Amino acid sequence: MEEFRRTYSRLCKESGAEPQETVLQQMHQLPQGRLDLATQSLTVDTCRALGKLLQKEALLTELILSDCMLSEEGAVLLLQGLCVNTIVRFLDLKGNNLRAAGAEALAKLLRQNKSIQSLTLEWNSLGTWEEAFAAFCGALAANGTLRQLDLRNNQISHKGAEELALALKSNTSLQQLDLRWNHIGLLGGRALVNCLPSNRTLWKLELAGNSIPGDILRAVEQAMDHNQDRQTAFRESQARAHVLSKEVRHLREEKSKQFLDLMETIDRQREEMVRSSKASAARVGQLQEALNERHSIINALKAKLQMAEAALALSEQKAQDLGELLATAEQEQRSLAQRQAKEHRLEQQVGREGWMGRWLGVGWAGGAWWQVSSGALSPSDPQEAAERESKLLRDLSAANEKNLLLQNQVDELERKVKSQQDQLFLTRQELTNTAAELKMRAVQAEERLELEKKRSRKSLEDAEHLRFKEVEHMTRHLEESERAMQERVQRLEAVRLSLEEELSRAKAAALSERSQAEEELIKAKNQVRLEEQQRLAHLEEKLRLLAQARDEAQSACLQQKQAVADAQARASQLDRQVEGLRRRLEELQQELSNKDQEKAAEVTRVRLELQEQNGRLQAELTAQEALKEKAAALERQLKVMASDHREALLDRESENASLREKLRLNQAEIARIRDEEAQRASFLQNAVLAYVQGSPLRTLSPQK
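This text gives an overview of the structure that appears in the document. (Residues numbered from 1 in each chain as written. Predicted model: local features only at pLDDT ≥ 70, side-chain atom pairs only at ≥ 80, totals over all residues. Heavy atoms only, no water.)

### Points about the layout of surface pockets
- When its volume is computed, the largest pocket comes out at roughly 970 Å³.
- Around the largest pocket, the lining comprises 36 residues; the ones closest to its centre are Glu221, Gln222, Asp225, Arg514 and Glu518.
- Listed by contribution, the elements that provide at least two residues to the lining of the largest pocket are β7 (204–206), α9 (214–352), α11 (382–559) and α12 (564–630).
- Ranked by residue count, the leading element in the lining of the largest pocket is α9, at 15 residues.
- Of the residues that constitute the lining of the largest pocket, the class distribution is eleven nonpolar, nine polar and 16 charged. (1 Å grid on protein atoms, 1.4 Å probe; cavity = no way out; pocket = protein on both sides within 12 Å on 5 of 7 lines; lining within 4 Å. Points joined across faces, edges and corners; volume = space filled by probe spheres on them. Helix = DSSP H or I, 4+ residues; strand = E, 2+ residues; numbered from the N terminus. Nonpolar A, V, L, I, M, F, W, Y, C, P; charged D, E, K, R; others polar.)

### Here we look at the pattern of salt bridges
- Scanning all chains against the criterion turns up 21 salt bridges.
- One salt bridge in this structure joins Glu14 and Arg10, with 3.0 Å as the shortest N-O distance. With Glu14 and Arg10 both in helix α1 (residues 2–14) and four residues apart, this pair spans about one turn of that helix.
- The exposed category is assigned to Glu14, whose relative accessible area is 55%.
- In this structure, the salt-bridge partner of Arg180 is Asp178, at a minimum N-O distance of 2.8 Å.
- In this structure Arg180 comes out as partly exposed when scored by relative accessible area, which is 25%. (Salt bridge = Lys/Arg side-chain N within 4 Å of Asp/Glu carboxyl O. Buried < 20%, exposed > 50% of the residue type's maximum accessible area, 1.4 Å probe, protein only.)

### Points about empty space enclosed by the protein
- Taken as a whole and judged by the stated rule, the model has seven cavities of 30 Å³ or more.
- Glu513, Ala517, Leu610, Asn656 and Arg660 are, among the 17 residues lining the largest cavity, the residues nearest its centre.
- For the lining of the largest cavity, the elements supplying multiple residues, two or more each, are α11, α12 and α13 (634–694).
- Sort the elements by how many residues they give to the lining of the largest cavity and α11 lands first, with seven residues.

### Let's talk about the sheet that holds strand β6 (residues 176–178)
- Judged by pairing direction, the sheet is parallel, and its seven strands sit side by side in the order β1-β2-β3-β4-β5-β6-β7 without closing on themselves. A strand with exactly one partner marks an edge of an open sheet, and here the two such strands are β1 (34–36) and β7. Averaged over all neighbouring strand pairs, the angle between strand axes comes to 0°, with direction disregarded.
- Pairing analysis gives three bridges linking strand β3 (residues 90–92) to strand β4 (residues 118–120), with the strands arranged parallel. Bridge assignment links Phe90 to a residue of β4, and that residue is Ser118. (Pairing = 2+ DSSP bridges. Axes fitted to C-alpha atoms, helices over the stretch in contact; angles between N-to-C directions.)

### Focus on the packing of α1 against helix α3 (residues 44–56)
- α3 packs onto α1 with a crossing angle of 125° between their chain directions and a minimal axis gap of 9 Å. Viewed along their axes, α1 and α3 adopt a mutual orientation that is oblique. Between α1 and α3 the crossing geometry is right-handed. Of α3, the residues touching α1 (which contributes Phe4, Thr7, Tyr8, Leu11 and Cys12) are Thr46, Ala49, Leu50, Lys52 and Leu53.
- Counted by class, the contact of α1 with α3 contains seven nonpolar, two polar and one charged residues. (Parallel < 35°, antiparallel > 145°, perpendicular 65-115°, else oblique. Left-handed = near helix turned anticlockwise from the far one by under 90°. Contact = heavy atoms within 4.5 Å.)

### Looking at a positive patch on the surface
- Taken together, the side chains of Arg339, Lys342, Arg345 and Arg388 define a basic patch exposed on the protein surface.
- In terms of residues, the positive patch owes the most to one element, α9, which gives three residues.
- With respect to the helices, strands and loops of the structure, Arg339 is situated in helix α9.
- For Arg339, a relative accessible area of 38% gives the class partly exposed. (Patch = residues over 30% accessible without salt bridge, like charges linked within 9 Å, V, L, I, M, F, W, Y side chains within 5 Å. Areas by Shrake-Rupley, 256 points an atom, 1.4 Å probe, with all protein chains shown as cover. Lys, Arg positive; Asp, Glu negative; His and termini not counted. Charge placed at Lys NZ, Arg CZ, Asp CG, Glu CD.)

### As for helix α7 (residues 158–170)
- Taking 1.5 Å of rise per residue, the 13 residues of α7 would be expected to cover 18 Å, and the 19 Å separating its terminal C-alpha atoms lies within 8% of that figure.
- Within α7, burial applies to Gly160, Ala161, Leu164, Ala165, Ala167 and Leu168. Take α7 and look down its axis: the buried residues cluster within an arc of 165°, on one side only. (Expected span 1.5 Å × (residues − 1). Arc of directions from axis to C-beta.)

### Quick notes on the nonpolar core
- Of all hydrophobic cores here, the largest spans 71 residues; its most connected members are Leu121, Leu149, Leu151 and Leu179.
- Per element, the largest residue contribution to this core is seven residues, and it comes from helix α6 (residues 130–142).
- Look past the residues within four positions of Leu121 in its chain and what remains in contact with it is Leu93, Leu98, Leu106, Leu126, Phe136, Leu149, Asp150, Leu151, Arg152 and Asn154.
- In this structure, Ile298, Leu301, Leu312 and Val417 belong to the second largest nonpolar core, which totals eight residues. (Core = buried A, V, L, I, M, F, W, Y, C linked by side-chain atoms within 4.5 Å.)

### Considerations on helix α8 (residues 185–195)
- Those residues of α8 not exposed but buried are Gly185, Gly188, Gly189, Ala191, Leu192 and Cys195. Within α8, the buried residues cover an arc of 160° as seen down the axis, which keeps them to one side.

### A short note on a negative patch on the surface
- On the surface, a cluster of negative charge is contributed by Glu104, Glu130, Glu131, Glu162 and Glu163.
- Looking at the negative patch, the elements with two or more residues in it are α6 and α7.
- Note that Glu163 resides in helix α7.

Structure below.
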C-alpha cells in the first residue's frame, strides 16, 4: 500500500493538486487488497488521480466509496478508470447521488468491465432519470459477470421496473437483486413477475417497501424458490457430472497407466532381447576373434616352424660343409703325418744307406740335402729346405688349430641341431595340441553359437507370443471395463433420474403441505385479525360511550357546582377509582397487544418450525441421495432408503398433525383469552355503568 500512496501523491501533483490528507491516512491504514474511502469527501482531482491509478493497479479487489459526496465529473472519472480494470471484484457506491451522468457512466462500466461481481448503488436516486436508468438496464442485460446488485432507495418507478424486467430476461449471470424501498408498485411488480420465467439464474429478489400486492410477492417468492431449486439441482447435477467425469477420467488414467505399463513391459522385454542378442553377437564376435587369433597364432607357429626348418636345413648344410672341411683337414693332417713319417724314415735311412746316397749322388748331411754330382755330394739349396720346413710346420700348426676350431664348431652345431630338433619336436607337438584345442574350441564355439541362436530365437518367439497374449488380454480387459463403466454410468443415470423424480415428488408434496399450512395460517390470521378488529371496534364504541357519558357528567358537574364542596372527597375518590380503571384498561390493552404479539410470535414460530421441518426434509432427502450414490449394493439400499423415506414422511405427517393440533390448541387458547378479555371488558363496562348510574350527576367533577 505504500507504493499505492506514493503513486496517488505523484498523480495528484502531476495534475497540479495536493493529495487529500484524509485519503492518505485511509490508504495508510488499509489491509491488503481493500481500499475503504467511505464517508470521505473526494474532490474532482482526487477522483481523477484514483481513476488513473485504478487503470493500472493490480492489487485492489474491493473498493468502497460509500457516502463520498461524489460530483458528476468525479464519478465519471472514477468509473472510466474502472472500465479497464480487471482485478476489482466488489464496488460500493452507496449514497453518492450519482444522477444521470453517473448512471450513464455505470452503464458504460457494466458493458466494458469483466471483473466486478458485486455492485452496491443504494441511495443514489437512479430511478429519477428514466433515460439514463434505461441505458443502465440495457448494459445490465449485456453484462455477464455481475452476481449481486443492490438498488435500494433509488426511487425506481414502475417504468424503471419494466426496464429492469427487460434486462433480467437477457441477463444470464445476476443471482441477487435488492429493490427494497422504491416505488415499483403493482405494474412494476407484474412486469418483474412476467420476466422471471425467462431468467434461470436469479434466486434472490427483495421487493419489500414497494407497495406491491401480496399475491405478486408470493409469485415472486415461488419463482425464486423454483430458481433456487433449479440452481440446487443444477449444482447437484454438476457435482454428479463432475464425480462421474472424475471417475471416468480416473478409469481412463488407470487404463492408460495399465496400457503404458504393458507397453513399458513390452519395451523392456524388447530391450532385454536386443541386449541379449547384442550380448550373444558380442560373444560370438569375441569367440570369432579368439578363433581368428588362434588361427593367426597357428599361422605364426607354422611360419616359425618353417623358419626353424629352413634354419635347420641351413645348419645341416653348414654342418655338412664343416664336415667336408674337417675331412679335408684330417686328410691333410694324415698326409702331413705320412710325410713326416716318410721324412723320419728317410733320416733313418741316411745313416744306414750312405753309400746308396753316394751312388745316387744325393744325400743328407748337416740337416740339408746333398746332391752327388760327378762322384761327390753337394748341398741342394738348404735355405729353400728350411723355408719349406718352417712353412710346413706353420701349416701343420694352423691346420691343427683349424681342426680344433672346426671340431668345436661341429660340436656346437651338433648341440644346436639337437636343441633345434628338440625345439622343433616340441613346437610340432604344441602345434598339434593347439590345432586340436582350437578345433575343439571352434566346435564348442559353434555349438554355443547355435545354442545362443536357438535360445535367442526361442526367447524372441516367447516374448512375441507373451506380448501378443498380454495385448489381447489388456484389450479384452479394457473392453470389459469400458462396458462395465458404461453399464455403471447407465445404472447411475437411471438411479439419478429415479431419485430426481422421487425428490420432485417429495418437493411437490412438501410444497403442497407448505401451501396448505400457509393457507391455514393465513385463514387463522385473517380470522384472528377480523375478530381483533371487531373487538377493538366494540371497545372503541364503549370508550366513545364512556367519553360521552363523561362529557355529560362534566356538564352536569358544571350545573351542580354548588354541591362540589360536599361531594369533593367522594369525587376525588371516584376519580382515583376511574384512574385505576383507566390504568386497568390500558393494562388490558397492553396485555391484549402482548397477546397479539405472542400470537404473532407463535404463528411465526410455527411457520419457522414448518420451514425447519421442510429444511430437515430436504436435508434428509439430500442425505438419502448421497447415501444412494455411495453404496455399491444400490438396489437393496434404495429399497431400504425408500422404506426409511416413507417412515420419515409418516413421521413428518404425524409431526404435522401434532403441529396442527398445537395450532388448534393455540387457537383455542387465543379464543379463551379473547373470552376472558371480553368478560373483563364487560365487567369493566358494567362497573363503569354502575359507577355512572350509581353516582348522582352533581357529585361528578371534570378530570384534572
